[in-house]
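Now for the letters of each chain:
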Amino acid sequence: MSTTKPIIELRDVRKSFGAFEALKGINAVINEGEFFSLLGPSGCGKTTLLRMIAGFEPPTAGDISIDGKSMDGIAANARPTNMVFQSYAIFPHLSVADNVGYGLKTKKLPKADIKREVDGALAMVDLVGYGDRGAHELSGGQRQRVALARALVMRPKVILLDEPLSALDKKLRDQMQFELRELQKSLGITFILVTHDQEEALIMSDRIAVMFEGEIAQLATPEELYRRPATQRVASFIGVMNFLEAKLESSSDQGVTLDIAALGNVTLPYQAVPQGMNPAQIAKVGIRPEMLTLLFDPTDKAENEVQAEVVSSDYYGDMTYYSVSLPNQKDPVIISMRNTAGRSIAAPGSPVRVGWGVESVVLFE
Amino acid sequence: MKRGTAPNWLTIYAVAYMVFLYAPVVLLPLFAFNDATIIAFPLSGFTTEWFKVLWSTDALHSAVGNSAVVAFVTALVSTFLGACAARASSRYSFPAQKGITGFIMLPLVLPEIIVAVSLIVMLMQLGLSLSLLTVVAGHVLICTPFSIAILSSAFAGLDQSLEEASFDLGESRWGTFRRVTLPLVMPGVISSLLICFTISLDEFIIAFFLTGTDATLPVYIWSQLRFPTKLPSVMALGTILLALSVGLLLLAEWFRRRAVRRQGLDASSSEGLL
Ligand SMILES: Nc1ncnc2c1ncn2[C@@H]1O[C@H](COP(=O)(O)OP(=O)(O)OP(=O)(O)O)[C@@H](O)[C@H]1O
Ligand SMILES: [Mg+2]
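Remember, it's a predicted structure, so these values are computed and weren't measured experimentally. (Residues numbered from 1 in each chain as written. Chains lettered and ligands numbered in written order. Predicted model: local features only at pLDDT ≥ 70, side-chain atom pairs only at ≥ 80, totals over all residues. Heavy atoms only, no water.)

Trainee: What should I look at first to understand the overall build of chain B in this one?
Mentor: From N to C terminus, chain B includes 11 helices and 0 strands. Tracing chain B from N to C terminus, the helices and strands come up as α-α-α-α-α-α-α-α-α-α-α. Dimensions along the principal axes, computed over C-alpha positions, put chain B at roughly 70 × 70 × 35 Å. Expressed as a percentage of the 274 residues in chain B, the buried residues total 38%. Of all intrachain contacts in chain B linking residues separated by at least 6 positions in sequence, the fraction that spans at least 24 positions is 74%. With an accessible surface of roughly 15400 Å², chain B has 73% of that area assigned to carbon and sulfur atoms. Counting 16 positive and 15 negative side-chain charges, chain B places the averaged centre of each group 6 Å from the other. (Helix = DSSP H or I, 4+ residues; strand = E, 2+ residues; numbered from the N terminus. Buried < 20%, exposed > 50% of the residue type's maximum accessible area, 1.4 Å probe, protein only. Contact = heavy atoms within 4.5 Å. Areas by Shrake-Rupley, 256 points an atom, 1.4 Å probe, with all protein chains shown as cover. Lys, Arg positive; Asp, Glu negative; His and termini not counted. Charge placed at Lys NZ, Arg CZ, Asp CG, Glu CD.)

Printed below as a string of structure tokens:
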């Protein structure tokens, strides 16, 4: 990821199915060698966008260019992209080797070259010696690898993956997430991954486009997305976020002073206000559960404190999630605490002090 | 509980029904091997004489040849048309899709005599002379719906992403059809060929109306029924035809099941993962 040469440029890409607008003007630049994810709830248009990049469907309006060339009028079989399908689409009448070599055969490569390339690709996905197996003699994870090898062997500029891991069980999925990421890093090929699993996107991606209803709500690195979500919707889609009522009290040289109903007045530096946000429009602030602390010991200290009451607790082994009611706040907030030796769970109804820091506050309109 | 003791009326009905349905068919080989020119019980003795007579009848041979040509061409044309229609109705949606499909399937339930009469009226109006070609045309009309029915299930079971994957891997549309679509629907295609062949081979009414001077096998058989002495050899011929038809249908069913199995496996592998 040393280069930042754009490989895919999406300019105001739109797609309508009849009167229904599936994509409402997508703009994004994806860089060479990047692991890019399209993340969003079901029906937001992720697959539609991926299929248009692959060339299976033309956009209704807008332009898609790959490696500096507009893809307008260029069919899927002439694009430098290859797809890993959600169903894997392994050809059932062909062996593993013939599946992987399928695309090379269309290129009219000599048999010996095909065999060498296929063996190389199978080695890459850890399937050495599986070449003669039939498609039906494979487990889910192995099918996934064959589908990946079949795309890799073509040496495309971009590999498109539509929820490639959703069919696998949790353990295999975790392993494949890691392997996929390692493979992508070592090959340096651009990967575009479609997923509705925010955890998967956060773990694997260099950058993520969060989509809702055919629009990109935010395009950022995983860390930025988590720490600085642009909207309340993004914030609650990526992990858990506590929202608190707030309004602008005053502005000064030090920054903006907000009146947060549950926490009192607080002054934030101007850097905390996202670009393009008018401080007068601020309506809510957000704080992640792990950014709030319960101060159990009288000696525990925090930057700011507020008196509160435990409503309930959920024990997760390594963590406990507390529901805590803050003053002047209707819904209780969620606070996650790492469990340590010698500390018991606070009982419902017990009064606690809640500590928080100014840097953890995210502003929303 | 009761099954073993008291007679079950439903069982009796079923047995009677089967006897009624198949007894005449059983009579065919019975008299074909019977050593008497008169078709009546009791049977007098065993002979293969009637089959030997068939061997030396030239008119029969030309009828067999005509039927084979007609059935072969009909099977090819119907299956080709059926494949196109089945693919279109399983892949694309177009206006009035249901209505159009319904009209194509209509000959399946239309009385053959109606089809035959309307075809001959039309051919006369067009001033076309009757020949084996017109028989083929009529047979294609009645065979295509069967072909569509068989191939629709073959195409419907085909995962569309397989074709897309092939296209995505750089293959052309035609190459995709040849390397992916065709091998996967092949058992269905063979089954359709066999069934269309069998239907055309056995079909009488349309062939009778539309054939010119070249008789097909069923038409030839019918013409022989007027001569009582020929009856036993007609029985022998019928026996051969029966065996052939049953054999072809069994083969077709075997291919159809194989197609379902192939795709069932494919379908379960893509569904099972969801
Ligand atoms: N061929 C089509 N005809 C009509 N509507 C379509 C078609 N393809 C997709 N849509 C609609 O476009 C919207 C986006 O579909 P898409 O498949 O891109 O969603 P997605 O984000 O991939 O969802 P999922 O996570 O469920 O796969 C959906 O509302 C869907 O119903
Ligand atoms: Mg999708």
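Trainee: What exactly am I supposed to notice about a nonpolar patch on the surface here?
Mentor: All names here are of chain B. Among the surface-exposed residues, Leu-10, Tyr-13, Tyr-17, Met-18, Leu-21, Tyr-22, Val-25, Val-26, Leu-27, Leu-30, Phe-41 and Leu-43 lie close enough to one another that they form a single nonpolar patch of about 1200 Å² accessible area. Looking at the secondary structure, you find Leu-21 in helix α1 (residues 9-32). Its relative accessible area of 39% is what places Leu-21 among the partly exposed residues. (Patch = residues over 30% accessible without salt bridge, like charges linked within 9 Å, V, L, I, M, F, W, Y side chains within 5 Å. Salt bridge = Lys/Arg side-chain N within 4 Å of Asp/Glu carboxyl O.)

Trainee: Before we go on, may I ask you to explain the sheet that holds strand β8 (residues 190-195) of chain A in this structure?
Mentor: Within a sheet, neighbouring strands are paired by backbone hydrogen bonds and run either parallel or antiparallel to one another. All names here are of chain A. Here 6 strands make up an open sheet; going across it, the order is β6-β7-β8-β3-β9-β10 and the pairing mixed. Bordering the open sheet on either side are β6 (81-84) and β10 (215-220), each of which pairs with just one other strand. When the angles between neighbouring strand axes are averaged without regard to direction, this sheet yields 20°. Helix α5 (residues 140-152) contacts β6 and β7 (158-162) of the sheet and is inclined by roughly 175° relative to β6. (Pairing = 2+ DSSP bridges. Axes fitted to C-alpha atoms, helices over the stretch in contact; angles between N-to-C directions.)

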